[in-house]
Amino acid sequence: MSTVQTYVLGQKNAADLDAEQELPAELMTINMGPSHPAMHGTIRMVLQIDGERVVDADVQPGYLHRCFEKESEYATYTQIFPYTDRLNYVSPMLNNVGFALAVEKLLGIETPERCQYIRVIIGEMSRITDHLTCIGASAMEVGAFTAFLYLLKAREWFYELLEELSGARLTHSYVRIGGVARDLTADFDPKLRDLLNRTEGVLAEVETLLTNNRIFRQRMEGVSVVSRDDAIAWGFTGPLGRASGLDYDVRKDYPYLVYDRVEFDVPVGEHGDCFDRYLVRMEEMRQSIRILRQCLDQIRPGPICVDDLRVTLPDKSEVYNTIEAMIAHFKLIVDGIRVPPGQTYSFTEGGNGELGFFVIADGTGRPYKVHVRSPCFIALQALPSMIRGALISDIIPTFGMINMIGGECDR
Amino acid sequence: MGLELTTTRLEDAAGWAKKARDAANWGRKYSLFTYPFVTACCGMEFMSVAASKYDIARFGAEFPRFSPRQSDLLMIVGTITERQGPVLRRVYDQMAEPKWVIAFGVCASTGGFYQNYSAMPGADQVVPVDVYIPGCPPRPEQVLDALILLQRRIQESRGHSQVAEAQPARR
Ligand code: SF4
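About the criteria used
Residues numbered from 1 in each chain as written. Chains lettered and ligands numbered in written order. Predicted model: local features only at pLDDT ≥ 70, side-chain atom pairs only at ≥ 80, totals over all residues. Heavy atoms only, no water. Helix = DSSP H or I, 4+ residues; strand = E, 2+ residues; numbered from the N terminus. Buried < 20%, exposed > 50% of the residue type's maximum accessible area, 1.4 Å probe, protein only. Contact = heavy atoms within 4.5 Å. Areas by Shrake-Rupley, 256 points an atom, 1.4 Å probe, with all protein chains shown as cover. Lys, Arg positive; Asp, Glu negative; His and termini not counted. Charge placed at Lys NZ, Arg CZ, Asp CG, Glu CD. Axes fitted to C-alpha atoms, helices over the stretch in contact; angles between N-to-C directions. Parallel < 35°, antiparallel > 145°, perpendicular 65-115°, else oblique. Left-handed = near helix turned anticlockwise from the far one by under 90°. Nonpolar A, V, L, I, M, F, W, Y, C, P; charged D, E, K, R; others polar. Core = buried A, V, L, I, M, F, W, Y, C linked by side-chain atoms within 4.5 Å. pLDDT = per-residue confidence, 0-100. Expected span 1.5 Å × (residues − 1). Arc of directions from axis to C-beta. Near = heavy atom within 4 Å. 1 Å grid on protein atoms, 1.4 Å probe; cavity = no way out; pocket = protein on both sides within 12 Å on 5 of 7 lines; lining within 4 Å. Sits in = over half its atoms within 2 Å of the grid points. Buried area = accessible area lost by both parts, 1.4 Å probe. Salt bridge = Lys/Arg side-chain N within 4 Å of Asp/Glu carboxyl O. Polar contact = N/O pair within 3.5 Å; in protein donor to acceptor, adjacent residues only side chain to side chain. Points joined across faces, edges and corners; volume = space filled by probe spheres on them.

A.B. asks: Explain the overall build of chain A to me, please; I cannot follow it from the model alone.
C.D. replies: Scanning chain A for helices and strands turns up 18 helices and eight strands. In terms of overall dimensions, chain A has a C-alpha envelope of 100 × 50 × 35 Å along the principal axes. Here chain A holds 411 residues, and 58% of them are scored as buried. For chain A, the proportion of contacts with a sequence separation of at least 24, taken over those separated by at least 6, is 69%. Taken as a whole, chain A presents about 17100 Å² of accessible surface, with 53% of it coming from carbon and sulfur. Of the charged side chains in chain A, 41 are positive and 57 negative; the average position of the first set lies 4 Å away from that of the second.

The structure is reproduced here in structure tokens:
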């Protein structure tokens, strides 16, 4: 039975005062997410906090598990493209290209030159939208709403141009195995050039808004520093790894498509903090613009798909008029592209880092297994160690700069 | 049709109650505060709707509130998985009445093309939905259209929570 204490109004007992001296020693457990504006709706963090300091964090992904890998086993190779769109939905084209390259590697085919240029062009456009969104959303989360509006304005231009090309604003499904769905539109070249000029303007504006903004710098600088060795140990790639000084870019180190014919630099950070991650992303957009300009200069007319009826759908007019084309069409649609048995790992530079597809084919039109190496899932495992000892408010920029994309992380 | 000058007090009161309700609904429909429950790809389009070009604020659905207590329109943006469902329900329960729900995109409406053990066949499995927006993701124009549709419903007192409110409490 507990003892009864008497209190006199307005007067404290000496024993109580002593008790108040002892602050509660146990840590507080709070729950962040999944429905938290900065958690992108799909991450739950159980934090152990001591005052404002994070003592430990338990990061629980999985709220957006949509069974990409399982659904792929039931879809033909072509039908998987819509699913890849929704992996990293901020840069769908890069996923499309990555998956197409994996299957083409299994098939042992090389796409025509024009197709490769188109893939680079759409991929780099997607990369720009990815970084625009990442920086915009992170800036908004740390309070810079104006920058968000500027960046989204630019993203909107890219969406419009990609929509003209593919018919969808966000989920393009534009790439096909052995080529792309259709050729560039007639006025794509001048439109893209104009767009790139305007985007450079927006980037300059955002630089003035963010890079020397004292609040932004204080929220970002020195936050969640990851050393180069740690970055390698955690398996960081992409902007996150490069900000830590890890000079690795798949486009440079293992060139695919026509990346070896264009000139670009790989920005590398020094400190490995959130501010460097922001700077690396800004610079990467400039480099993407550079790549796009060179591609527009170099691209020549030509076929956009491989000329092989076992892979590419024949022309519609032929389907209606010749029996061979009709049979080929029928077989491709119903059975899918027959990929010889085998397995492969193919990796490209996605918006967040090395995006790998591991495909096992069993000779039918549907894959036996598709696995995705999603860069942000791998970066996410480092999050507890990155925020340990930091303030609660540091979680927001750290998480924003990891650029965790639910579709890609949980698949 | 004869002139009817006399009214009973009851009718009078009903008329005034209707007027008051109409006025309240008019106010409600132009001051919707959104709680974006953003989980997946549709969130990118939600950003576009909220940002400068499409600017949902023009239609009286102001800038998002990230607290369920301060909002009266729940926008379910993206796939709701079995794991996410209870969270969604909890957010809905925390919102103050009257409240409305928009299912943004096919995933939130029906599960879309994710028909598997993990994805829920629509958010209406856990919360009542007032307006469904098709599209994967919907175009911003569709979202604005849905908002206007919802405003019409609100004016006519046809929202889920409004109908429940009007019903006499059962004992
Ligand atoms: S409706 Fe489509 S775009 Fe929207 S969340 Fe679902 S899959 Fe993504």
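A.B. asks: Just checking my understanding: could you explain the environment of B:S157 for this structure?
C.D. replies: All names here are of chain B. Here S157 shows up in the loop between α5 (140-155) and α6 (160-166). Sequence separation between S157 and R21 is 136 residues; the distance between their C-alpha atoms is 8.5 Å. The residues touching S157, leaving out its near neighbours within four places in the chain, are R21, N25, Q162 and V163.

A.B. asks: Explanation requested: the packing of helix α6 (residues 145-166) of chain A against helix α7 (residues 188-211) of chain A in the structure shown.
C.D. replies: Two numbers describe a pair of packed helices, the interaxial angle and the distance between the axes. All names here are of chain A. Where α6 contacts α7, the axes come no closer than 9 Å and their chain directions differ by 165°. When the axis of α6 is compared with that of α7, the two are roughly antiparallel. Handedness of the crossing formed by α6 with α7: left-handed. In this structure, α6 contributes A147, Y150, L151, K153, A154, W157, F158, L161, E164 and L165 to the contact, and α7 contributes F188, K191, L192, L195, L196, R198, T199, V202, E205, V206, L209 and L210. The residue makeup of the contact of α6 with α7, split by class, is 16 nonpolar, one polar and five charged.

A.B. asks: Help me understand the nonpolar core, please; the structure alone is not making it clear to me.
C.D. replies: Side chains of a nonpolar character, in soluble globular proteins, are inclined to be buried together. Residues and elements named next belong to chain A. F99, I121, M125, L192, L210, Y278 and F357 are the most contacted members of the largest nonpolar core, which has 91 residues in total. What F99 contacts, discounting residues up to four positions off in sequence, is Y77, I80, F81, T84, F357, V359 and V370. Counting residues in each nonpolar core, the second largest holds 28 residues, with A38, L47, L383 and I395 among its members.

A.B. asks: Quick question: what am I supposed to make of the confidence of the model for chain B here?
C.D. replies: Close inspection of predicted coordinates is inappropriate in any region flagged by low pLDDT. The predicted model of chain B averages 82 in pLDDT, with 90% of residues at 70 or higher. Per-element confidence in chain B is highest for strand β5 (residues 131-133) of chain B, whose mean pLDDT is 90, and lowest for α6(B), whose mean pLDDT is 71.

A.B. asks: Even after reading the chapter, I still don't get α5(B), so can you show me in this structure?
C.D. replies: For the α-helix, the turn length of 3.6 residues means that residues three or four positions removed from each other point alike. Residues and elements named next belong to chain B. If you check α5, its first and last C-alpha atoms are 23 Å apart, about what 16 residues at 1.5 Å a residue would give, namely 22 Å. Within the sequence span of α5, burial applies to P140, V143, L144, A146, L147, L150, Q151 and I154. Looking straight down α5, one finds its buried side chains confined to an arc of 160°; they lie on one side. S157 occupies a position one or two residues after α5 and carries a positive phi of about 60°.

A.B. asks: Honestly, the site of the ligand in this entry has me stumped. Any pointers?
C.D. replies: Around the ligand, the structure places 13 residues, and the nearest of them are A:R86, B:C41, B:C42, B:C107 and B:C136. At a threshold of 2 Å from the grid points, most atoms of the ligand map onto the largest cavity. By residue class, the composition of the shell around the ligand is eight nonpolar, three polar and two charged.

A.B. asks: Where do I start with the interface of chain A and chain B in this structure?
C.D. replies: In this assembly, 35 residues from chain A lie in contact with 32 residues from chain B. Taken over both partners, the interface formed by chain A and chain B buries close to 3000 Å², and the fraction arising from carbon and sulfur atoms is 60%. Taken as a group, A:Y63, A:R66 and A:R169 account for 20% of the area that chain A buries against chain B, more than any other trio of residues on that side. For A:R169, the salt bridge is made with B:E45, and the minimal N-O distance between the two is 2.6 Å. At the surface where chain A touches chain B, the tally comes to 17 residue pairs in polar contact (both at pLDDT 80 or more). Where the side of chain A that touches chain B is concerned, the elements lending two or more residues are α3 (80-85), α5 (113-141) and α6 of chain A. For the side of chain A that touches chain B, the leading source of residues is α6(A), giving ten residues. Looking at the side of chain A that touches chain B, its residues break down into 17 nonpolar, nine polar and nine charged.

A.B. asks: Quick question: what am I supposed to make of the layout of surface pockets here?
C.D. replies: If a probe as big as a water molecule is rolled over the atoms, it shows which places are left empty. For the largest pocket, the calculated volume is near 670 Å³. In terms of residue count, the dominant contributor to the lining of the largest pocket is helix α14 (residues 323-334) of chain A (three residues). Class assignment for the residues of the lining of the largest pocket results in 14 nonpolar, five polar and six charged. In this structure, the second largest pocket occupies an estimated 570 Å³ of space. Taken together, 38 residues line the second largest pocket, and the ones lying closest to its centre are A:P37, A:M140, A:E141, B:V38 and B:M47. Those elements giving two or more residues to the lining of the second largest pocket turn out to be α5 and α6 of chain A together with β1 (32-38) and α2 (42-50) of chain B. The dominant element in the lining of the second largest pocket, judged by the number of residues it contributes, is α5(A), at seven residues. Residues of the lining of the second largest pocket, tallied by class, amount to 24 nonpolar, twelve polar and two charged.

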